[in-house]
Amino acid sequence: MSGVPPGQRTAHGAPAPQAGEPGPAPGGGAGQAAQPAIAAALQQAQARFDAIVRNTPGLVYQFVRYGDGAVAFTYLSDGCQALLGMPAAELYAHPERFFELILEEDRKSYLDAMLASAASLWSWNWEGRIWVDAWKDVKWINLRCTPHIQPGSETVQWEGIMTNITESKLEQLEVRQSRARLAELTAHMETVKEQERTRIAREIHDDLGGNLTAIKMALAMLSSRLPPSDPALQDKAAYVDALVDRTIDAVHRISLDLRPSILDFGLVAALEWQVKEFGTQAGIEIGFDCAPREIELEPNRASALFRIVQEALTNIAKHAHASRVNLQLHRTRHYISLKIIDNGRGIAQADRAKPQSFGLRGMAERARALGGTLTLSHAPGGGTVVAIKLKRENKHETAGPPSPAAAGGATIGS
(Lines give C-alpha, C1' and ligand atoms only; values in the text may rest on other atoms or scores of the structure.)
Protein backbone atom coordinates (compact mmCIF):
# COMPACT_ATOMS: atom_id res chain seq x y z
CA MET A 1 0.00 0.00 0.00
CA SER A 2 1.37 3.40 -0.95
CA GLY A 3 1.13 6.07 1.72
CA VAL A 4 2.68 9.53 1.95
CA PRO A 5 6.23 9.19 0.63
CA PRO A 6 9.15 10.33 2.78
CA GLY A 7 10.11 13.93 2.19
CA GLN A 8 6.79 14.92 0.57
CA ARG A 9 4.74 17.80 1.92
CA THR A 10 1.52 16.90 3.64
CA ALA A 11 -1.76 18.60 2.76
CA HIS A 12 -0.84 21.33 5.26
CA GLY A 13 2.57 21.90 3.66
CA ALA A 14 4.58 20.44 6.57
CA PRO A 15 7.11 17.61 6.11
CA ALA A 16 5.45 14.22 6.46
CA PRO A 17 6.67 12.09 9.35
CA GLN A 18 9.03 9.29 8.34
CA ALA A 19 7.88 5.74 8.73
CA GLY A 20 8.53 4.54 12.26
CA GLU A 21 9.07 8.06 13.69
CA PRO A 22 7.34 8.49 17.03
CA GLY A 23 4.66 11.11 17.14
CA PRO A 24 4.29 13.63 19.94
CA ALA A 25 3.97 11.80 23.23
CA PRO A 26 0.76 12.38 25.13
CA GLY A 27 0.77 13.21 28.78
CA GLY A 28 2.06 10.66 31.27
CA GLY A 29 0.16 8.51 33.66
CA ALA A 30 -3.22 7.41 32.30
CA GLY A 31 -2.30 8.68 28.82
CA GLN A 32 0.70 6.33 28.63
CA ALA A 33 -1.44 3.42 29.78
CA ALA A 34 -3.99 4.14 27.00
CA GLN A 35 -1.36 4.21 24.24
CA PRO A 36 -1.47 0.46 23.42
CA ALA A 37 -5.27 0.53 23.11
CA ILE A 38 -5.16 3.60 20.88
CA ALA A 39 -2.46 2.03 18.73
CA ALA A 40 -4.49 -1.17 18.38
CA ALA A 41 -7.61 0.78 17.39
CA LEU A 42 -5.62 2.73 14.82
CA GLN A 43 -4.19 -0.48 13.38
CA GLN A 44 -7.68 -1.97 13.08
CA ALA A 45 -8.99 1.17 11.36
CA GLN A 46 -6.01 1.18 9.01
CA ALA A 47 -6.55 -2.50 8.22
CA ARG A 48 -10.21 -1.88 7.41
CA PHE A 49 -9.29 1.11 5.23
CA ASP A 50 -6.62 -0.90 3.39
CA ALA A 51 -9.09 -3.73 2.78
CA ILE A 52 -11.66 -1.31 1.32
CA VAL A 53 -9.07 0.36 -0.92
CA ARG A 54 -7.71 -2.99 -2.16
CA ASN A 55 -11.20 -4.03 -3.26
CA THR A 56 -12.08 -0.69 -4.84
CA PRO A 57 -11.72 -0.75 -8.63
CA GLY A 58 -9.50 2.03 -9.84
CA LEU A 59 -7.09 4.37 -8.10
CA VAL A 60 -7.93 5.94 -4.74
CA TYR A 61 -5.94 9.11 -4.30
CA GLN A 62 -5.45 12.36 -2.44
CA PHE A 63 -4.42 15.41 -4.46
CA VAL A 64 -3.54 18.93 -3.31
CA ARG A 65 -3.02 22.25 -5.03
CA TYR A 66 -1.09 24.82 -3.04
CA GLY A 67 -1.57 28.56 -3.12
CA ASP A 68 1.48 29.02 -5.35
CA GLY A 69 -0.02 26.66 -7.97
CA ALA A 70 2.19 23.67 -7.10
CA VAL A 71 0.46 20.30 -6.95
CA ALA A 72 1.20 17.03 -5.20
CA PHE A 73 -0.25 13.58 -4.64
CA THR A 74 -0.26 12.91 -0.91
CA TYR A 75 -1.85 9.48 -1.16
CA LEU A 76 -2.01 6.87 -3.93
CA SER A 77 -3.41 3.37 -3.68
CA ASP A 78 -1.93 0.26 -5.27
CA GLY A 79 -4.16 0.81 -8.33
CA CYS A 80 -1.74 3.47 -9.62
CA GLN A 81 0.38 1.04 -11.66
CA ALA A 82 -2.63 -0.77 -13.13
CA LEU A 83 -4.44 2.42 -14.16
CA LEU A 84 -1.67 4.84 -15.11
CA GLY A 85 1.13 2.46 -16.05
CA MET A 86 3.58 3.98 -13.55
CA PRO A 87 4.47 3.16 -9.94
CA ALA A 88 3.14 5.34 -7.15
CA ALA A 89 6.67 6.35 -6.13
CA GLU A 90 7.25 7.97 -9.53
CA LEU A 91 4.04 9.97 -9.30
CA TYR A 92 4.85 11.02 -5.75
CA ALA A 93 8.23 12.31 -6.87
CA HIS A 94 6.97 13.90 -10.09
CA PRO A 95 3.26 14.81 -9.72
CA GLU A 96 3.39 16.76 -13.00
CA ARG A 97 3.70 13.41 -14.81
CA PHE A 98 -0.04 12.88 -14.47
CA PHE A 99 -0.80 16.05 -16.42
CA GLU A 100 1.69 14.93 -19.07
CA LEU A 101 -0.24 11.66 -19.47
CA ILE A 102 -3.38 13.55 -20.53
CA LEU A 103 -3.78 13.96 -24.29
CA GLU A 104 -3.04 17.50 -25.34
CA GLU A 105 -6.55 18.19 -26.65
CA ASP A 106 -8.06 17.15 -23.27
CA ARG A 107 -5.71 19.13 -21.00
CA LYS A 108 -7.65 22.39 -21.10
CA SER A 109 -10.87 20.74 -19.92
CA TYR A 110 -8.90 19.06 -17.10
CA LEU A 111 -7.44 22.35 -15.90
CA ASP A 112 -10.75 24.18 -16.27
CA ALA A 113 -12.53 21.51 -14.20
CA MET A 114 -9.83 21.63 -11.51
CA LEU A 115 -9.91 25.43 -11.18
CA ALA A 116 -13.72 25.51 -11.19
CA SER A 117 -13.82 22.91 -8.41
CA ALA A 118 -11.18 24.77 -6.39
CA ALA A 119 -13.00 28.09 -6.75
CA SER A 120 -16.48 26.78 -5.91
CA LEU A 121 -15.48 23.85 -3.66
CA TRP A 122 -17.86 21.68 -5.65
CA SER A 123 -17.19 18.11 -6.67
CA TRP A 124 -14.64 17.60 -9.43
CA ASN A 125 -15.95 15.20 -12.06
CA TRP A 126 -13.88 14.91 -15.24
CA GLU A 127 -13.58 12.48 -18.14
CA GLY A 128 -10.66 12.46 -20.54
CA ARG A 129 -8.02 10.45 -22.36
CA ILE A 130 -4.53 9.55 -21.22
CA TRP A 131 -1.63 7.97 -23.08
CA VAL A 132 -0.24 4.97 -21.20
CA ASP A 133 3.29 4.56 -22.50
CA ALA A 134 3.73 1.20 -20.79
CA TRP A 135 1.08 -0.32 -23.08
CA LYS A 136 1.30 2.13 -25.98
CA ASP A 137 -2.41 2.70 -25.71
CA VAL A 138 -5.00 5.40 -25.01
CA LYS A 139 -7.33 5.03 -22.04
CA TRP A 140 -10.43 6.92 -21.07
CA ILE A 141 -10.45 7.73 -17.34
CA ASN A 142 -12.97 9.33 -15.03
CA LEU A 143 -11.97 11.11 -11.85
CA ARG A 144 -14.46 11.98 -9.14
CA CYS A 145 -13.34 13.74 -6.00
CA THR A 146 -14.50 16.12 -3.29
CA PRO A 147 -12.55 19.29 -2.42
CA HIS A 148 -12.02 21.12 0.80
CA ILE A 149 -9.72 24.00 1.66
CA GLN A 150 -7.10 23.72 4.38
CA PRO A 151 -7.80 26.16 7.25
CA GLY A 152 -5.68 29.26 7.21
CA SER A 153 -4.21 28.61 3.76
CA GLU A 154 -5.04 28.66 0.06
CA THR A 155 -4.32 24.95 -0.26
CA VAL A 156 -7.18 22.91 -1.73
CA GLN A 157 -7.22 19.17 -1.15
CA TRP A 158 -9.27 16.60 -3.04
CA GLU A 159 -9.99 12.99 -2.07
CA GLY A 160 -11.46 10.73 -4.70
CA ILE A 161 -11.10 7.89 -7.14
CA MET A 162 -9.97 7.47 -10.76
CA THR A 163 -11.47 4.67 -12.82
CA ASN A 164 -10.90 3.21 -16.27
CA ILE A 165 -14.00 3.92 -18.38
CA THR A 166 -12.48 2.99 -21.74
CA GLU A 167 -14.88 0.13 -22.44
CA SER A 168 -18.04 2.06 -21.61
CA LYS A 169 -16.77 5.13 -23.48
CA LEU A 170 -16.05 3.11 -26.61
CA GLU A 171 -19.53 1.61 -26.35
CA GLN A 172 -21.01 5.11 -26.12
CA LEU A 173 -19.04 6.20 -29.18
CA GLU A 174 -20.21 3.12 -31.05
CA VAL A 175 -23.83 3.87 -30.12
CA ARG A 176 -23.44 7.46 -31.35
CA GLN A 177 -21.88 6.28 -34.59
CA SER A 178 -24.66 3.72 -35.04
CA ARG A 179 -27.30 6.40 -34.46
CA ALA A 180 -25.56 8.69 -36.92
CA ARG A 181 -25.47 5.92 -39.54
CA LEU A 182 -29.13 5.11 -38.83
CA ALA A 183 -30.09 8.77 -39.22
CA GLU A 184 -28.14 8.93 -42.48
CA LEU A 185 -29.89 5.79 -43.75
CA THR A 186 -33.29 7.17 -42.65
CA ALA A 187 -32.64 10.43 -44.48
CA HIS A 188 -31.65 8.55 -47.61
CA MET A 189 -34.75 6.35 -47.42
CA GLU A 190 -37.02 9.36 -46.97
CA THR A 191 -35.41 11.08 -49.95
CA VAL A 192 -35.84 7.98 -52.11
CA LYS A 193 -39.45 7.58 -50.96
CA GLU A 194 -40.21 11.21 -51.78
CA GLN A 195 -38.61 10.89 -55.20
CA GLU A 196 -40.60 7.73 -55.90
CA ARG A 197 -43.83 9.36 -54.75
CA THR A 198 -43.13 12.31 -57.04
CA ARG A 199 -42.46 9.99 -59.99
CA ILE A 200 -45.60 7.90 -59.41
CA ALA A 201 -47.77 10.98 -58.86
CA ARG A 202 -46.60 12.52 -62.11
CA GLU A 203 -47.10 9.31 -64.05
CA ILE A 204 -50.61 8.91 -62.65
CA HIS A 205 -51.44 12.53 -63.37
CA ASP A 206 -49.91 12.64 -66.84
CA ASP A 207 -50.63 9.13 -68.19
CA LEU A 208 -53.85 8.10 -66.48
CA GLY A 209 -55.16 11.64 -66.33
CA GLY A 210 -54.41 12.23 -69.99
CA ASN A 211 -55.99 8.94 -71.03
CA LEU A 212 -59.10 9.58 -68.98
CA THR A 213 -59.47 13.04 -70.48
CA ALA A 214 -59.21 11.54 -73.97
CA ILE A 215 -61.80 8.91 -73.06
CA LYS A 216 -64.17 11.60 -71.78
CA MET A 217 -63.79 13.61 -74.99
CA ALA A 218 -64.40 10.54 -77.15
CA LEU A 219 -67.36 9.57 -75.01
CA ALA A 220 -68.87 13.03 -75.39
CA MET A 221 -68.53 12.78 -79.18
CA LEU A 222 -70.16 9.34 -79.23
CA SER A 223 -72.95 10.45 -76.91
CA SER A 224 -73.81 13.33 -79.23
CA ARG A 225 -74.36 10.83 -82.05
CA LEU A 226 -76.63 8.46 -80.16
CA PRO A 227 -80.21 8.29 -81.49
CA PRO A 228 -82.55 10.31 -79.25
CA SER A 229 -85.12 7.57 -79.61
CA ASP A 230 -83.03 5.10 -77.56
CA PRO A 231 -83.14 6.26 -73.91
CA ALA A 232 -81.36 3.09 -72.69
CA LEU A 233 -78.22 4.02 -74.65
CA GLN A 234 -78.50 7.60 -73.46
CA ASP A 235 -78.64 6.42 -69.81
CA LYS A 236 -75.68 4.05 -70.35
CA ALA A 237 -73.60 6.82 -71.91
CA ALA A 238 -74.44 9.16 -69.01
CA TYR A 239 -73.42 6.45 -66.51
CA VAL A 240 -70.07 5.89 -68.26
CA ASP A 241 -69.49 9.65 -68.40
CA ALA A 242 -70.12 9.93 -64.64
CA LEU A 243 -67.82 6.96 -64.02
CA VAL A 244 -65.03 8.67 -65.96
CA ASP A 245 -65.57 11.84 -63.91
CA ARG A 246 -65.30 9.87 -60.66
CA THR A 247 -62.14 8.15 -61.90
CA ILE A 248 -60.59 11.50 -62.85
CA ASP A 249 -61.37 12.77 -59.34
CA ALA A 250 -59.80 9.63 -57.82
CA VAL A 251 -56.65 10.08 -59.95
CA HIS A 252 -56.43 13.69 -58.84
CA ARG A 253 -56.89 12.75 -55.16
CA ILE A 254 -54.30 9.95 -55.31
CA SER A 255 -51.79 12.23 -57.01
CA LEU A 256 -52.27 14.86 -54.32
CA ASP A 257 -51.86 12.26 -51.57
CA LEU A 258 -48.62 11.03 -53.12
CA ARG A 259 -47.20 14.49 -53.60
CA PRO A 260 -49.19 17.70 -53.80
CA SER A 261 -48.13 19.51 -56.94
CA ILE A 262 -48.49 22.76 -55.02
CA LEU A 263 -45.20 21.90 -53.30
CA ASP A 264 -43.59 23.06 -56.53
CA PHE A 265 -44.70 26.57 -55.51
CA GLY A 266 -42.97 26.40 -52.12
CA LEU A 267 -43.60 25.33 -48.55
CA VAL A 268 -45.80 28.29 -47.60
CA ALA A 269 -48.21 27.70 -50.49
CA ALA A 270 -48.32 23.96 -49.73
CA LEU A 271 -49.09 24.57 -46.04
CA GLU A 272 -51.84 27.06 -46.90
CA TRP A 273 -53.42 24.43 -49.13
CA GLN A 274 -53.02 21.73 -46.46
CA VAL A 275 -54.63 23.96 -43.83
CA LYS A 276 -57.69 24.49 -46.03
CA GLU A 277 -57.95 20.77 -46.83
CA PHE A 278 -57.64 19.80 -43.15
CA GLY A 279 -60.25 22.31 -42.04
CA THR A 280 -62.69 21.06 -44.68
CA GLN A 281 -62.13 17.33 -44.14
CA ALA A 282 -61.74 17.23 -40.33
CA GLY A 283 -64.20 20.02 -39.51
CA ILE A 284 -61.69 21.55 -37.09
CA GLU A 285 -60.97 25.27 -36.99
CA ILE A 286 -57.37 25.86 -38.03
CA GLY A 287 -55.25 28.98 -38.42
CA PHE A 288 -51.94 29.55 -40.17
CA ASP A 289 -49.42 32.22 -39.21
CA CYS A 290 -46.28 32.72 -41.29
CA ALA A 291 -43.54 35.33 -40.85
CA PRO A 292 -42.21 36.39 -43.24
CA ARG A 293 -44.76 35.48 -45.87
CA GLU A 294 -42.18 34.07 -48.25
CA ILE A 295 -39.93 31.31 -46.87
CA GLU A 296 -38.10 29.35 -49.51
CA LEU A 297 -36.46 26.04 -48.65
CA GLU A 298 -34.52 23.45 -50.57
CA PRO A 299 -37.14 21.04 -52.04
CA ASN A 300 -36.21 18.00 -49.92
CA ARG A 301 -36.36 20.00 -46.69
CA ALA A 302 -39.66 21.59 -47.71
CA SER A 303 -41.14 18.16 -48.50
CA ALA A 304 -39.95 16.73 -45.16
CA LEU A 305 -41.47 19.61 -43.18
CA PHE A 306 -44.70 19.27 -45.14
CA ARG A 307 -44.85 15.54 -44.29
CA ILE A 308 -44.30 16.30 -40.59
CA VAL A 309 -47.22 18.72 -40.67
CA GLN A 310 -49.40 16.16 -42.47
CA GLU A 311 -48.59 13.49 -39.88
CA ALA A 312 -49.22 15.88 -36.98
CA LEU A 313 -52.59 16.97 -38.37
CA THR A 314 -53.55 13.33 -38.97
CA ASN A 315 -52.74 12.51 -35.33
CA ILE A 316 -54.80 15.51 -34.16
CA ALA A 317 -57.79 14.47 -36.24
CA LYS A 318 -57.61 10.87 -34.97
CA HIS A 319 -56.70 11.23 -31.31
CA ALA A 320 -56.67 14.78 -29.95
CA HIS A 321 -60.41 15.59 -29.86
CA ALA A 322 -59.42 19.18 -30.55
CA SER A 323 -61.64 22.01 -31.75
CA ARG A 324 -58.86 24.41 -32.68
CA VAL A 325 -55.42 24.05 -34.28
CA ASN A 326 -52.87 26.76 -34.94
CA LEU A 327 -49.94 26.35 -37.34
CA GLN A 328 -46.99 28.74 -36.99
CA LEU A 329 -44.06 28.98 -39.41
CA HIS A 330 -41.33 31.49 -38.63
CA ARG A 331 -37.91 32.26 -40.04
CA THR A 332 -35.18 33.96 -38.03
CA ARG A 333 -31.65 34.78 -39.04
CA HIS A 334 -30.36 31.29 -38.28
CA TYR A 335 -33.40 29.03 -37.83
CA ILE A 336 -36.67 27.85 -39.33
CA SER A 337 -39.23 27.08 -36.61
CA LEU A 338 -42.54 25.32 -37.09
CA LYS A 339 -45.18 24.78 -34.38
CA ILE A 340 -48.44 22.84 -34.51
CA ILE A 341 -50.58 23.72 -31.47
CA ASP A 342 -53.93 22.13 -30.61
CA ASN A 343 -56.36 22.48 -27.71
CA GLY A 344 -57.12 18.78 -27.44
CA ARG A 345 -56.65 16.26 -24.64
CA GLY A 346 -52.86 16.23 -24.92
CA ILE A 347 -50.39 13.39 -25.27
CA ALA A 348 -49.66 11.31 -22.18
CA GLN A 349 -46.20 9.91 -21.57
CA ALA A 350 -47.62 6.40 -21.93
CA ASP A 351 -48.92 7.31 -25.40
CA ARG A 352 -45.43 8.31 -26.54
CA ALA A 353 -43.97 4.98 -25.35
CA LYS A 354 -46.54 2.80 -27.12
CA PRO A 355 -44.89 0.16 -29.34
CA GLN A 356 -47.07 1.14 -32.30
CA SER A 357 -46.60 4.92 -32.06
CA PHE A 358 -44.93 5.06 -35.46
CA GLY A 359 -46.41 8.47 -36.28
CA LEU A 360 -44.44 10.24 -33.56
CA ARG A 361 -41.31 8.25 -34.35
CA GLY A 362 -41.61 9.02 -38.02
CA MET A 363 -41.92 12.74 -37.30
CA ALA A 364 -38.88 12.61 -35.02
CA GLU A 365 -36.82 10.71 -37.58
CA ARG A 366 -37.70 13.20 -40.31
CA ALA A 367 -36.64 16.08 -38.05
CA ARG A 368 -33.42 14.28 -37.13
CA ALA A 369 -32.67 13.59 -40.77
CA LEU A 370 -32.98 17.32 -41.42
CA GLY A 371 -30.45 18.02 -38.67
CA GLY A 372 -33.09 19.59 -36.47
CA THR A 373 -35.00 19.02 -33.25
CA LEU A 374 -38.58 17.93 -32.64
CA THR A 375 -40.10 18.42 -29.19
CA LEU A 376 -43.50 17.61 -27.73
CA SER A 377 -44.84 19.71 -24.87
CA HIS A 378 -48.11 20.64 -23.19
CA ALA A 379 -49.91 23.68 -24.56
CA PRO A 380 -51.11 26.37 -22.14
CA GLY A 381 -54.67 25.58 -21.19
CA GLY A 382 -54.44 22.00 -22.45
CA GLY A 383 -53.48 20.33 -25.68
CA THR A 384 -50.13 19.67 -27.31
CA VAL A 385 -47.38 21.68 -28.97
CA VAL A 386 -45.30 19.99 -31.64
CA ALA A 387 -42.25 22.18 -32.27
CA ILE A 388 -39.69 21.67 -35.03
CA LYS A 389 -36.55 23.77 -35.18
CA LEU A 390 -34.10 23.60 -38.09
CA LYS A 391 -30.89 25.43 -38.77
CA ARG A 392 -31.05 27.34 -42.02
CA GLU A 393 -28.90 26.12 -44.87
CA ASN A 394 -28.64 29.33 -46.83
CA LYS A 395 -26.54 27.69 -49.49
CA HIS A 396 -29.78 26.18 -50.80
CA GLU A 397 -32.38 28.50 -49.32
CA THR A 398 -32.79 31.60 -51.40
CA ALA A 399 -34.64 33.71 -48.82
CA GLY A 400 -32.25 36.10 -47.11
CA PRO A 401 -28.50 36.62 -47.48
CA PRO A 402 -26.41 33.42 -47.64
CA SER A 403 -24.32 32.41 -44.65
CA PRO A 404 -22.93 28.98 -43.76
CA ALA A 405 -24.69 26.97 -41.06
CA ALA A 406 -24.05 23.55 -39.62
CA ALA A 407 -26.68 20.92 -38.98
CA GLY A 408 -27.48 20.00 -35.41
CA GLY A 409 -28.80 16.94 -33.60
CA ALA A 410 -32.39 15.90 -32.95
CA THR A 411 -34.28 15.01 -29.82
CA ILE A 412 -37.78 14.38 -28.64
CA GLY A 413 -38.49 16.27 -25.46
CA SER A 414 -41.47 16.42 -23.20
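Up top is the structure these notes are about.
Just so we're clear, the structure is a prediction, and the values are computed from it rather than from any experiment. (Residues numbered from 1 in each chain as written. Predicted model: local features only at pLDDT ≥ 70, side-chain atom pairs only at ≥ 80, totals over all residues. Heavy atoms only, no water.)

## A closer look at the nonpolar core
At step 1: In this structure, Leu-305, Leu-329, Ile-340 and Ile-388 are the most contacted members of the largest nonpolar core, which totals 38 residues.
At step 2: A total of ten residues in this core trace back to one element, the largest contributor, which is helix α9 (residues 299-320).
At step 3: Dropping the residues within four chain positions of it, Ile-340 is found in contact with Val-309, Ala-312, Leu-313, Ile-316, Val-325, Asn-326, Leu-327, Thr-384, Val-385, Val-386 and Ile-388.
At step 4: Formed by 28 residues, the second largest nonpolar core is a distinct cluster that contains Leu-59, Leu-101, Tyr-110 and Ala-118. (Core = buried A, V, L, I, M, F, W, Y, C linked by side-chain atoms within 4.5 Å. Buried < 20%, exposed > 50% of the residue type's maximum accessible area, 1.4 Å probe, protein only. Helix = DSSP H or I, 4+ residues; strand = E, 2+ residues; numbered from the N terminus. Contact = heavy atoms within 4.5 Å.)

## Overview of the pairing of strand β4 (residues 137-149)
At step 1: By the bridge criterion, nine bridges tie strand β3 (residues 124-132) to β4 in an arrangement that is antiparallel. Of the residues in β4, the one forming a bridge with Glu-127 is Asn-142.
At step 2: What sits between β3 and β4 in their antiparallel hairpin is a turn of four residues, with Lys-136 showing a positive phi close to 50°.
At step 3: As judged from the nine bridges shared by β4 and strand β5 (residues 156-164), these two strands associate in the antiparallel manner. Counted as the bridge partner of Asn-142 is Thr-163 from β5.
At step 4: The antiparallel pairing of β4 with β5 creates a hairpin that spans six residues between the two strands, and Gly-152 there sits at a positive phi of about 75°. (Pairing = 2+ DSSP bridges.)

## What about the sheet that holds strand β8 (residues 335-342)?
At step 1: Reading across the sheet, the five strands line up as β6-β7-β8-β10-β9 and stay open at both edges, with mixed pairing between neighbours. One side of each edge strand has no neighbouring strand; the edge strands of this open sheet are β6 (285-291) and β9 (373-378). Across the sheet, the mean angle from the axis of one strand to that of its neighbour is 10°, orientation sign disregarded.
At step 2: Inspection of the sheet shows β9 paired to strand β10 (residues 384-391) by six bridges, in the antiparallel sense. If you follow Ser-377 over to β10, its bridge partner there is Val-385.
At step 3: Along the sheet, helix α8 (residues 267-282) contacts β6 and β7 (324-331); its crossing angle with β6, the most-contacted strand, is approximately 170°.
At step 4: Contacts from helix α11 (residues 358-369) reach β9 and β10, with the element oriented near 140° to β9. (Axes fitted to C-alpha atoms, helices over the stretch in contact; angles between N-to-C directions.)

## Concerning the side chain of Arg-307
At step 1: Following the sequence through the fold, Arg-307 ends up in helix α9.
At step 2: Taking relative accessible area as the criterion, Arg-307 reaches 6% and is therefore assigned buried.
At step 3: Within the structure, the side chain of Arg-307 is placed 2.8 Å from the side chain of Gln-310, a separation counted as a polar contact.
At step 4: Non-local contacts of Arg-307, meaning those with residues more than four positions away in its chain, are made with Glu-194, Arg-197, Asp-257, Leu-258, Arg-259, Pro-260 and Arg-366. (Polar contact = N/O pair within 3.5 Å; in protein donor to acceptor, adjacent residues only side chain to side chain.)

## Description of the sheet that holds β3
Hydrogen bonding along the main chain pairs the strands of a sheet, whether they run parallel or antiparallel.
At step 1: Here we have five strands laid out as an open sheet, ordered β2-β1-β5-β4-β3, and antiparallel in their pairing. Two strands lie at the open edges of the sheet, namely β2 (71-76) and β3, each paired on one side alone. Taking each pair of neighbouring strands and ignoring which way they run, the sheet shows an average axis angle of 30°.
At step 2: Examined bridge by bridge, strand β1 (residues 59-65) and β2 share five bridges and lie antiparallel to one another. Note on β2: the bridge partner recorded for Phe-63 is Phe-73.
At step 3: Packed on one face of the sheet, helix α5 (residues 104-120) meets β1, β3, β4 and β5 and runs near 150° to β3.
At step 4: Relative to the sheet, helix α6 (residues 166-224) contacts β3, β4 and β5, its axis offset from that of β4 by approximately 110°.

## As for the environment of Lys-108
At step 1: Among the structural elements, Lys-108 can be located in helix α5.
At step 2: Engagement of the side chain of Lys-108 in a polar contact is seen with the side chain of Asp-112, the distance being 2.8 Å.

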